[in-house]
Structure formats: structure tokens, C-alpha cells
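# Residue-level structure breakdown
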Amino acid sequence: MPTFTAPVKDMQFILHDVLKASEQDVPGYDELDRDFTSAILEEAGKLAGDVFAPLNAVGDQEGVRLENGVVYTPKGFKEAFDQFREGGWTGLDCDPEYGGQGLPYLLSTATGEIFSASNMAFMMYPGLTHGAYSAIHAHGSDEQKQTFLPKMVTCEWTGTMNLTEPHCGTDLGLMRTKAEPQDDGSYKITGQKIFISAGDHDMSDNVIHLVLAKIPGGPDGIKGVSLFIVPKFIVNDDNTPGARNSLSVGKIEEKMGIHGNATCVMNYDGATGYLLGEAHKGMRAMFTMMNEARLGVGMQGLSQATVAYENALAYAKDRLQGRAVTGTENPDGPADPLIVHPDIRRSLMDQKSFVEGARAFGLWGAELIDRAHRSKDAEAEGLVSLMTPVLKGFLTDQGFDMTVLAQQIYGGHGYIEEWGMSQFTRDARITMIYEGANGVQALDLVGRKLASGGGKPAMAFFEEIKSFIKANSDDEELKTQFMDPLKQASKQLQEAAMFFMAQGMKNPNEALAGSYDFMHLFGHVCLGYMWARMAVAAKAALAAGAEDKDFYETKLVTGRYYMARRLPACAMHVARITSGADPVMALDAANF
Ligand SMILES: Cc1cc2nc3c(=O)[nH]c(=O)nc-3n(C[C@H](O)[C@H](O)[C@H](O)COP(=O)(O)OP(=O)(O)OC[C@H]3O[C@@H](n4cnc5c(N)ncnc54)[C@H](O)[C@@H]3O)c2cc1C
């Protein structure tokens with residue numbers, strides 16, 4: 001069965017050598033010194049490796065079950081959740097006013113990767129709760145916050161997000177669930193929601209559903225959608241769970257992966273709900289948490305690549321097949337280990353250079369979110385909003401691809417279930433779909449984000465890369481191996497953006513036909529930028545006489561691989577984009 005060891009050293013490198021977190025002028029970052037973050041990450045790693053990882057296959061095989069209206073989680077989940085709660089992990093970055101620890105989002109993003117890598121299906125229970133917590137925190141009345149947040153911070157009560165209906169997922173304006181106002185100020189919620197993650201289970205005393213619904217008589221379409229708090233048990237005056245609300249689980253979906261998470265059909269039959277935020281402004285309320293939620297899903301995609309790579313690497317060192325073409329490397333054995341073969345190396349380097357680059361990208365995104373929230377930095381807000389579809393779409397697409405590469409290293413043993421590798425691929429697959437399918441992320445990037453704020457965030461992005469390259473081009477090795485390829489890729493990204501601006505105005509299909517390529521092109525430039533930053537940091541550490549020379553030299557070797565072997569994908573993407581809409585749209589629908 002697969003194992004998981006948290007990549008603490010790598011995270012420490014990104015937090016301290018690359019982002020220099022504790023030196024940043026962001027409230028709360030002064031606490032993030034090396035010893036502190038190391039202690040937190042090590043502890044998270046222990047819980048993840050010792051408790052959650054062994055339950056990953058259990059959850060996959062057992063799944064959840066619905067019996068007489070009650071949802072039961074797999075064996076061991078409840079006890080593991082208690083341990084998670086007792087360790088205070090549920091409220092790491094939550095507001096201290098409601099019992100949270102108030103630590104930066106940067107740190108909870110790092111621990112989030114660790115926990116999701118060990119057991120993604122399990123982590124979705126507190127993950128969804130955090131999403132619901134953030135919505136109530138941002139839009140709730142004082143009374144709502146006092147009632148729900150303290151229990152949600154501790155996950156005594158968990159949360160869900162109910163958007164999707166059978167006939168609408170992306171186009172939520174088509175929603176039918178209705179919310180009828182009552183004399184006491186509450187609403188009666190009626191309708192069906194499908195695919196609701198962590199929709200119900202036996203691990204908490206109450207489930208706080210956030211439900212999007214339409215108040216009759218409101219505006220048509222998406223402008224008429226409001227957000228409601230709909231608890232499974234109505235909360236008593238003394239803040240204990242009381243009468244059962246009129247809602248039930250209709251069914252648990254059978255699905256490809258994340259079997260340990262209850263994906264529920266939720267039926268609301270005149271259930272009591274409370275308006276959260278303003279009427280008809282439900283989508284706006286959802287949008288305020290979108291950057292965090294989408295980065296969170298991006299990190300899930302990365303997390304499956306992380307754990308899959310770790311296991312594939314161990315297997316490649318252990319499995320003996322064939323001989324190295326340049327001469328035997330294991331003369332005492334019947335064959336050499338897989339890792340001697342160049343094609344296996346290519347796969348492992350693809351995985352390693354993605355995982356480490358993506359981790360830096362995700363943590364940089366989290367830093368920008370902290371800057372936006374804690375320092376009210378509008379430029380950071382603009383930049384992270386621009387990059388959010390890239391963080392979500394690129395990290396999940398590539399994360400999934402990397403789990404497939406890891407599976408391939410096991411040959412047939414990757415395809416059968418015994419070795420546990422297929423679970424990573426199956427679990428990773430959903431990250432490309434939920435929280436806005438990746439095609440819709442690309443649409444958001446090109447259709448909205450690129451031109452938002454008069455294009456200022458996009459210009460700020462290009463400017464940041466340009467000044468970074470300028471500041472680090474004196475060192476000849478860094479220049480030729482990192483800065484020059486980054487400059488080239490950044491130019492290709494600008495070329496694509498210019499093409500959209502020139503052609504997209506005349507015909508939007510010209511831009512949208514290239515949107516998916518643009519998202520990937522953007523992702524590669526971001527990872528190229530991260531590798532260039534990591535190379536600068538590694539060189540600085542080596543020049544300062546760092547003890548662990550191997551670690552920093554390995555960073556340089558891995559970064560060079562990314563620049564030489566992965567970044568050239570930018571040329572392909574820009575060629576596709578500038579071929580325009582015609583090759584994509586030319587065929588009449590009837591001729592497919
Ligand atoms: C396991 C699982 C868990 C989930 N958890 C939750 C949850 O907790 N809460 C919740 O509310 N929902 C949840 N979902 C639902 C998920 O968010 C939706 O499935 C997703 O948003 C896509 O909606 P859809 O399935 O209706 O697909 P559709 O909206 O029908 O889209 C189908 C395809 O068309 C593409 N598409 C749609 N519109 C456009 C367009 N304008 N341009 C280009 N392409 C387009 C999409 O990218 C997609 O590939 C979950 C789904 C699953 C499977």
C-alpha cells in the first residue's frame with residue numbers, strides 16, 4: 001500500500017528561502033519563523049502519515065453508506081476526525097474571535113497539501129466546512145456568526161456548499177430551488193441539490209448547509225439567486241442542535257474516486273433557512289471566497305501528484321527490470337532498478353519538476369491572498385484574481401497527468417488496485433471538474449480576468465517577471481539557464497494576450513477557441529517563474545555555505561529540467577492560439 005511522508009524540507013525552502021515569509025510586511029507573518037513553521041509542518045506530517053494515509057485505501061474500498069436516512073463514513077474516519085479536531089487543525093487560519101488560531105492562509109495552504117495528499121476524501125469534510133465558515137464570516141449577521149462560527153471552527157458542526165442541481169451546474173442562473181419568505185423572517189427552502197460533497201455523515205453533531213435558491217418574484221437568472229443557511233438540526237436558543245429540519249439525503253452517488261467522501265443528493269422539502277447576506281446577492285457572496293476555494297482545489301490536484309510521485313519514486317528504485325544500456329548498475333542482482341532507464345527518469349523528472357514548481361506557485365498564490373486580506377493590498381488582490389483560474393485549472397490538469405505518469409511507472413501493478421496507485425488518479429480526476437470545470441476556468445481567465453481592471457493585473461504580472469529577470473541576469477549561468485527561457489515564455493504569453501486583444505474584439509470565438517491553451521501557457525510561465533526564483537534562492541544558499549549542498553544543487557538540476565523540457569510547451573500553445581478560431585469552429589455541428 002502507498003505511504004506518505006510530508007515534504008517538510010521542500011516546504012520550508014519555499015516558505016523561507018524563496019518567499020522569505022517572516023521578513024514580509026504582512027500582519028501575522030512575523031510569527032512564521034523557521035522553527036515555528038517546521039514544528040507545525042512536522043506535526044501535520046505525522047498526523048497525515050500515521051493516521052490519515054492508512055485510512056485512504058479503507059475509505060476507497062469501503063466507501064460511505066446510507067442506511068435508514070443515516071450516512072455512515074468508513075471505518076476509522078470518525079476517530080481520525082476526532083484527532084484532527086483535538087489537534088486544533090480545523091481552525092488554523094480561522095478568526096480568533098470565534099476560536100480560531102488566526103494563522104496566515106499561507107501556512108494552512110501548506111498543511112492543506114499535506115493532509116490532502118494523505119487522504120483527500122477525508123480532508124473534504126473539514127475543507128467544505130472551512131468554505132461555509134468563510135461565507136458566514138464574510139456575510140453573516142453578528143447573530144449568525146455567534147451561532148454558527150465557533151462550532152464550525154472546531155468542526156463540531158461541519159458545513160456544505162449547495163449550488164448544483166440536476167439541470168444546472170455551470171449555468172446556475174437556471175436554478176429552480178426556491179426560498180419562500182416566512183413571517184418570522186426565515187425562509188422555506190424547497191428543491192433538489194445534487195453532488196453535494198460531505199452532504200451528510202456521522203462525524204459531527206450538526207451539518208450547516210449553505211444553499212443557493214431563488215426568492216419568488218426576484219430578478220430572472222443569476223441575478224435572482226440568494227444564499228441561505230440551512231442547518232440539518234435547527235439550533236436551539238442555548239445553541240444546541242434541536243429539531244430535525246425538513247431536509248434529507250436522497251441518495252449517495254456512486255463515483256470514480258473520493259469514495260470516502262459522501263457525495264449526496266440533498267432534498268429540501270420546505271426546510272427552514274436563513275438568508276445569508278443580501279437577497280439576490282447570493283453569487284456575489286460566493287465570489288468573495290472563490291480565490292481561496294479555487295486555490296484549495298488546485299492544491300488538491302497537486303497533492304495527489306505529490307503522493308503519487310513519492311510512491312512511484314520508491315517503486316522505481318526497488319523494482320528490478322532490464323539492464324541499463326550504458327552498463328550494469330546492479331551487478332549482484334538479476335536486473336537493474338527501473339530508475340536507471342532514461343524513459344523512467346523522464347517521467348520522474350516531469351513529476352518532480354511539476355510537484356515542486358506547483359507547490360511554490362500555490363504557496364505564492366496563498367501569500368497573495370494573505371496580502372489582499374490582511375494588508376488590504378489591491379495589487380495583490382488583482383494579481384491573485386487573475387491567476388486563480390490558472391492555479392485551479394493548470395494545477396489540477398497537470399496534477400492529474402502526473403498521477404497517470406506515476407501509475408505508469410508501476411506498469412500493470414499501477415492499473416490493478418492492490419498497489420493503491422489507481423486511487424490517486426481516480427481521486428485527482430474530480431479536481432478538474434468541481435469548483436468550476438477547467439474549461440470554464442479558461443473561459444473566466446480569457447473572457448473576464450485578462451481584461452479586468454483595464455488589464456492592470458496582467459500588466460503587473462508581466463512587469464513583475466520583467467523586473468525579476470533584470471535583477472537576476474548578472475550571473476551568466478542563471479541568465480542562460482533560467483532567465484532567458486523565462487523571458488521567451490513570458491513573451492509568448494504576451495503574444496497570445498495581444499492576439500486575443502486584436503482578434504477577440506472582432507470575433508469572441510478567436511479568443512475562446514484558444515482559452516484552454518492560454519490557461520496552460522500561463523501556468524507554464526508561472527512555474528517557469530517559480531523555478532527561476534527557486535534557482536536564485538538555491539544559488540544564494542550555496543554561496544552562503546549552506547550545509548545541505550545536495551538539496552540546493554538538486555533544486556538547480558530540477559529547475560534546469562523544467563526550463564529545458566517543460567517550458568518549451570509554451571511554443572506549442574502560442575502556435576495553437578494564433579491559429580485562431582477557424583480550425584476549431586470550421587466543422588458544422590451536423591458533420592461531427
Ligand atoms: C464528486 C463531486 C462533488 C461535487 N461537489 C459539489 C458540491 O459540494 N457542491 C456543489 O454545489 N456542486 C458540487 N459538484 C458539482 C460540480 O461543481 C459540477 O459538476 C460542475 O460545476 C460542472 O457542472 P455540471 O456537472 O452540471 O456540468 P455542465 O455545467 O453541464 O458542463 C458540462 C461541460 O461543459 C462545459 N461548459 C459548460 N458551460 C460552458 C461554456 N459556457 N463554455 C464552455 N464550456 C462550457 C464544462 O466545462 C463541462 O466540461 C460536485 C460534483 C462531483 C462530481
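Before going into details, it helps to say that this report is about the structure given with it. (Residues numbered from 1 in each chain as written. Predicted model: local features only at pLDDT ≥ 70, side-chain atom pairs only at ≥ 80, totals over all residues. Heavy atoms only, no water.)

## Brief notes about the packing of helix H15 (residues 476-504) against helix H18 (residues 549-566)
- The geometry of H15 relative to H18 is characterised by a closest axis approach of 10 Å and an angle of 30° between their N-to-C directions. Relative to H18, the element H15 is oriented roughly parallel. Handedness of the crossing formed by H15 with H18: left-handed. Taking contact as the criterion, the partners of Gln481, Phe482, Pro485 and Leu486 in H15 are, on H18, Leu556, Gly559, Arg560 and Met563.
- When its residues are assigned to classes, the contact of H15 with H18 shows five nonpolar, two polar and one charged. (Axes fitted to C-alpha atoms, helices over the stretch in contact; angles between N-to-C directions. Helix = DSSP H or I, 4+ residues; strand = E, 2+ residues; numbered from the N terminus. Parallel < 35°, antiparallel > 145°, perpendicular 65-115°, else oblique. Left-handed = near helix turned anticlockwise from the far one by under 90°. Contact = heavy atoms within 4.5 Å. Nonpolar A, V, L, I, M, F, W, Y, C, P; charged D, E, K, R; others polar.)

## Structural notes on the site of the ligand
- The ligand sits among 19 residues. The nearest are Met161, Leu163, Thr164, Thr170 and Phe195.
- Backbone polar atom of methionine 161 to a nitrogen atom of the ligand: 2.8 Å apart, as the coordinates give it.
- Contact distances for the ligand include 3.3 Å between an oxygen atom and a backbone N or O atom of glycine 169.
- For the ligand, whose unbound accessible area comes to 970 Å², protein coverage reaches 61%.
- Every element with two or more residues in the shell around the ligand is listed here: strand S3 (157-162), strand S5 (187-197) and helix H13 (438-449).
- With three residues, S5 is the largest single contributor of residues to the shell around the ligand.
- Residue composition of the shell around the ligand, grouped by class: 11 nonpolar, six polar and two charged. (Near = heavy atom within 4 Å. Polar contact = N/O pair within 3.5 Å; in protein donor to acceptor, adjacent residues only side chain to side chain. Areas by Shrake-Rupley, 256 points an atom, 1.4 Å probe, with all protein chains shown as cover.)

## With respect to the pairing of S3
- The buried fraction of S3 is high, at six of six residues.
- Here S3 shows a buried face lined by Trp157, Gly159 and Met161 and a second buried face lined by Thr158, Thr160 and Asn162.
- Pairing geometry for S3 and strand S6 (residues 206-214), over six bridges, is parallel. When the sheet's bridge partners are listed, glycine 159 is paired in S6 with isoleucine 208. (Buried < 20%, exposed > 50% of the residue type's maximum accessible area, 1.4 Å probe, protein only. Pairing = 2+ DSSP bridges.)

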